[in-house]
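What follows is the residue order along each chain.
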Amino acid sequence: MANDFLSMLAAAFLAVVVVYAAKHALRKLTGYVLPKWVMPAAAGLSMLGYTIYAEYSWYPTVRDGLPPSVAVLRTVEDSAPWRPWTYVAPLTTRFMALDLDKLRHPAPGIVEGELMLIARWTPIQQVSVAYDCTNAARADLVEGARIDDGGVLSGAEWRPIDATDEGLKAACNGG
């Protein structure tokens with residue numbers, strides 16, 4: 001967040017420098033004087049422009065930085081009144097992913113892995129999950145829940161999920 005703030009200020013400073021140089025060059029060459037509001041307007045527009053750019057480039061940058069073995073399962077797009085442009089093009093603010101290289105197979109038809117919950121400006125959260133590929137079910141392996149070597153779940157319950165669930169498809173079909 002601090003990096004975005006400093007980058008936004010740098011964009012404003014650069015805009016002010018460019019307008020200042022253009023203002024003096026234009027006055028020297030043509031005698032025309034730019035209105036006083038041009039410099040603060042350029043600074044404000046550059047800050048707004050950088051902020052919009054940073055918001056929209058966050059998800060592609062993070063996604064492209066993930067290893068090729070990570071499958072993005074779902075994205076969440078938001079729109080907000082304080083960002084009216086998001087009603088035209090919704091903004092991806094968080095997503096869920098699964099690292100296919102780290103999947104474990106404790107029993108036939110059972111797959112264990114770590115779901116990564118990734119959101120802007122928050123640390124990555126990991127949730128241990130198990131998928132029953134045969135019965136299209138999922139169990140969150142939290143608070144001591146586990147699957148033994150025979151594929152028996154203890155400390156949690158299987159929850160039925162749709163066979164088209166992205167996490168189930170990625171875990172059971174390898175992506």
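It should be noted that the structure appears before, not after, this text.
Residues numbered from 1 in each chain as written. Predicted model: local features only at pLDDT ≥ 70, side-chain atom pairs only at ≥ 80, totals over all residues. Heavy atoms only, no water.

**Things to note about helix α1 (residues 2-30)**
Worth spelling out the cut-off: Helix and strand labels come from DSSP, where a helix needs a run of H or I of at least four residues and a strand needs a run of E of at least two; each type is numbered from the N terminus. Expected helix span is given by 1.5 Å per residue-to-residue step, counting one fewer step than there are residues. The rule is simple: take the accessible area with a 1.4 Å probe, protein chains only, and divide by the maximum for that residue type; under 20% is buried, over 50% is exposed, in between is partly exposed. Working rule for contacts: check all heavy atoms of both residues, and any pair within 4.5 Å makes them a contact.
The terminal C-alpha atoms of α1, which comprises 29 residues, lie 41 Å apart, in line with the 42 Å expected from a rise of 1.5 Å per residue. Of the residues making up α1, those classed as buried are Met8, Ala12, Ala15 and Val19. Among the structural elements, α2 (38-65) are those in contact with the buried residues of α1. In the stretch just after α1, Gly31 is the one whose phi turns positive, near 85°.

**A look at the packing of aromatic side chains**
For clarity, the threshold we go by: Two rings from Phe, Tyr or Trp (for Trp, the six-membered ring) form a pair when their centres sit within 6.5 Å of each other. Planes less than 30 degrees apart are called stacked, planes more than 60 degrees apart edge-to-face, and all others tilted.
By the definition in use, this model includes 4 aromatic pairs. Ring geometry for Trp58 against Phe95: centres 6.0 Å apart, planes inclined by 55°, an arrangement best described as tilted. Pair noted here: Trp58 is in helix α2 and Phe95 is in strand β2 (residues 91-99), with a separation of 37 residues, a long-range link. Summarising the burial analysis for this pair, Trp58 and Phe95 share the class buried. Each ring, one from Tyr59 and one from Phe95, has its centre 5.1 Å from the other, and the planes form 75°; the classification is edge-to-face. Taken together, the residues Tyr59 in helix α2 and Phe95 in strand β2 connect sequence positions 36 residues apart.

**Some thoughts on the nonpolar core**
We apply this condition: Think of a nonpolar core as a cluster: buried Ala, Val, Leu, Ile, Met, Phe, Trp, Tyr and Cys residues, connected wherever their side-chain atoms sit within 4.5 Å.
Leu73, Leu98, Leu103, Leu115, Tyr131, Ala170 and Ala171 are the most contacted members of the largest nonpolar core, which has 13 residues in total. Mapped by element, the contributors of at least two residues to this core are β1 (70-78), β2, β4 (110-119), β5 (125-132) and α3 (166-173). When residues of this core are assigned to their parent elements, the largest contribution, 3 residues, is made by α3. Non-local contacts of Leu73, meaning those with residues more than four positions away in its chain, are made with Met96, Ala97, Leu98, Leu115, Glu166, Gly167 and Ala170.

**What about unusual backbone geometry?**
One non-glycine residue, Trp121, lies in positive phi territory at about 65°. With respect to the secondary-structure elements, Trp121 resides in the loop between β4 and β5.

**Focus: the packing of α1 against α2**
Defined as follows: To get an axis, a line is fitted to the C-alpha atoms, and for a helix only the part in contact is used. The angle between two axes follows their N-to-C directions and goes from 0 to 180 degrees. Handedness of a crossing follows from how the near helix is turned relative to the far one, being left-handed for an anticlockwise turn of less than a right angle and right-handed for a clockwise one. As a working rule, the residues Ala, Val, Leu, Ile, Met, Phe, Trp, Tyr, Cys and Pro are called nonpolar, Asp, Glu, Lys and Arg charged, and the rest polar, with Gly in that last group.
Relative orientation of the contacting elements α1 and α2 amounts to 145°, with a least axis distance of 8 Å. The handedness of the crossing between α1 and α2 is right-handed. Across the interface between the two elements, Asp4, Ser7, Met8, Leu9, Ala11, Ala12, Ala15, Val16, Val19 and Tyr20 from α1 touch Val38, Met39, Ala42, Ala43, Ser46, Met47, Tyr50, Thr51 and Ala54 from α2. Residue classes in the contact of α1 with α2 are distributed as 15 nonpolar, 3 polar and 1 charged.

**Points about the pairing of β4**
Rule in force here: Following DSSP output, two strands are said to pair if at least two bridges run between them.
Burial analysis of β4 places 7 of its 10 residues in the buried class, which makes it a mostly covered element. Judged from the 2 bridges that link them, strand β3 (residues 104-107) and β4 form a sheet pairing that is antiparallel. Looking at the pairing, Ala107 lines up with Ile110 of β4. In textbook terms, the turn of a hairpin is the stretch between consecutive antiparallel strands, and for β3 and β4 this stretch comprises 2 residues, one of which, Gly109, has a positive phi near 85°. Pairing geometry for β4 and β5, over 8 bridges, is antiparallel.

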